[in-house]
Amino acid sequence: MKHLQFDFKTEHTFSGSITNHSFSLRCLPFSDSRQTISETRYIVTPSESLWNSRDSFGNQLLCGRISAEHNSLMFNVVCDAYVKNTDRICGTAETFFRFPSAMTVPGNGITAFYRSIPFSSSDTVKRALLISELLSGHMKYERGFTDISTDAETAFMLGKGVCQDYVHIFLSLLRLDGICCRYVSGLAFESGETHAWTEFHNGEHWVAFDPTNNIPVTENYIKFCHGRDYSDCPIEIGIYLGGFGGSLSVSSKVTTL
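### Here we look at the pattern of salt bridges
Then, number 1: Throughout the structure, instances matching the rule amount to eight salt bridges.
Then, number 2: We note a salt bridge from Arg26 to Asp55, for which the minimum N-O separation is 3.0 Å. In this pair, Arg26 sits in the loop between β1 (2-25) and β2 (35-45) while Asp55 sits in the loop between β3 (49-54) and β4 (60-66), placing the two residues 29 residues apart along the sequence. The residues Arg26 and Asp55 share a single accessibility class, namely buried.
Then, number 3: Between Arg228 and Asp232 there is a salt bridge, with its nearest N and O atoms 2.7 Å apart.
Then, number 4: With a relative accessible area of 11%, Asp232 lands in the buried category.
Then, number 5: Residues participating in the shared-partner salt-bridge network are Glu39, Arg41 and Asp80.

Printed below as a string of structure tokens:
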């Protein structure tokens, strides 16, 4: 078991004053059979009204509303976690994780790719690992070609993308194979950056797997939240009054204690 601490900070700077700003944050990790969260501390500035909640997938939410005029929003989360060196997570599979979601609907490209896979086993884990291995040969990790609105089929046809794209394509292929699976957001110790990976169910428990790197998830990963695809679990989402754009800065650090 590894004792990790992460420091995650995001700051929005708007080009003018905004009001009636409502937001939800999914960067407060919760304990499961793989990770135990011992302490979480956070600061939100400006802070007018904050409350904790959970979404329909069980993810922890930090919600807030700022009615007064402001031109920036900063939140900083520091958390201690004890993480086991295992890719297994206890839990049952909800049926809706078996079906395509908005960002994972397979098109002709993904469907043809799936049909070409030379499966030789009925074992769920072996089939998932073969899918990931072949996907790694098809995709190339490159930034700047996709964004948060890119769906699985588009990224697959491009043949390049980032972790979100790898996960969406992997989910699409797993669901074609009848496997329950979900999108996961969190932090990876190796990079110190926000990262996405997958959990799929083998009939007994969830298996955490990183298709971008084609490796099982280890104690170097801290999970924030999960959903059917990225749209279910963005780390931050919000609305406000005021037609102003702005800039976003994100910094994160994961250390071993």
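Anyway, onward from the coordinates.
### Let's talk about the packing of helix α1 (residues 108-115) against helix α4 (residues 163-176)
Then, number 1: Two elements in contact, α1 and α4, have axes whose closest approach is 10 Å; the angle formed by their N-to-C orientations is 55°. In terms of orientation, α1 and α4 fall into the oblique class. Handedness of the α1/α4 crossing: right-handed. Contacts between α1 and α4 involve Ile110, Thr111, Phe113 and Tyr114 from the first element and Ile169, Ser172, Leu173 and Leu176 from the second.
Then, number 2: Residues that form the contact of α1 with α4 fall into these classes: six nonpolar, two polar and no charged.

### Structural notes on the state of the cysteines
Then, number 1: Using the criterion set out here, one finds zero disulfides in the structure.
Then, number 2: Of all cysteine sulfurs in the structure, the one in Cys180 sits closest to Cys181, which takes part in no disulfide; the separation is 7.4 Å.

### Remarks on the layout of surface pockets
Then, number 1: Looking at the largest pocket, its volume works out to about 1,100 Å³.
Then, number 2: In this structure, the largest pocket is lined by 41 residues; those nearest its centre are Ile148, Thr194, His195, Tyr230 and Ile235.
Then, number 3: For the lining of the largest pocket, the secondary structure elements donating two or more residues are β1, α4, β9 (181-188), β10 (194-201), β14 (236-241) and β15 (246-256).
Then, number 4: The biggest single contributor to the lining of the largest pocket is β1, with five residues.
Then, number 5: Partitioning the lining of the largest pocket into residue classes produces 20 nonpolar, 15 polar and six charged.

Analysis parameters
- Residues numbered from 1 in each chain as written.
- Predicted model: local features only at pLDDT ≥ 70, side-chain atom pairs only at ≥ 80, totals over all residues.
- Heavy atoms only, no water.
- Salt bridge = Lys/Arg side-chain N within 4 Å of Asp/Glu carboxyl O.
- Helix = DSSP H or I, 4+ residues; strand = E, 2+ residues; numbered from the N terminus.
- Buried < 20%, exposed > 50% of the residue type's maximum accessible area, 1.4 Å probe, protein only.
- Axes fitted to C-alpha atoms, helices over the stretch in contact; angles between N-to-C directions.
- Parallel < 35°, antiparallel > 145°, perpendicular 65-115°, else oblique.
- Left-handed = near helix turned anticlockwise from the far one by under 90°.
- Contact = heavy atoms within 4.5 Å.
- Nonpolar A, V, L, I, M, F, W, Y, C, P; charged D, E, K, R; others polar.
- Disulfide = S-S within 2.5 Å.
- 1 Å grid on protein atoms, 1.4 Å probe; cavity = no way out; pocket = protein on both sides within 12 Å on 5 of 7 lines; lining within 4 Å.
- Points joined across faces, edges and corners; volume = space filled by probe spheres on them.

Any functional reading would require information beyond the geometric quantities listed.
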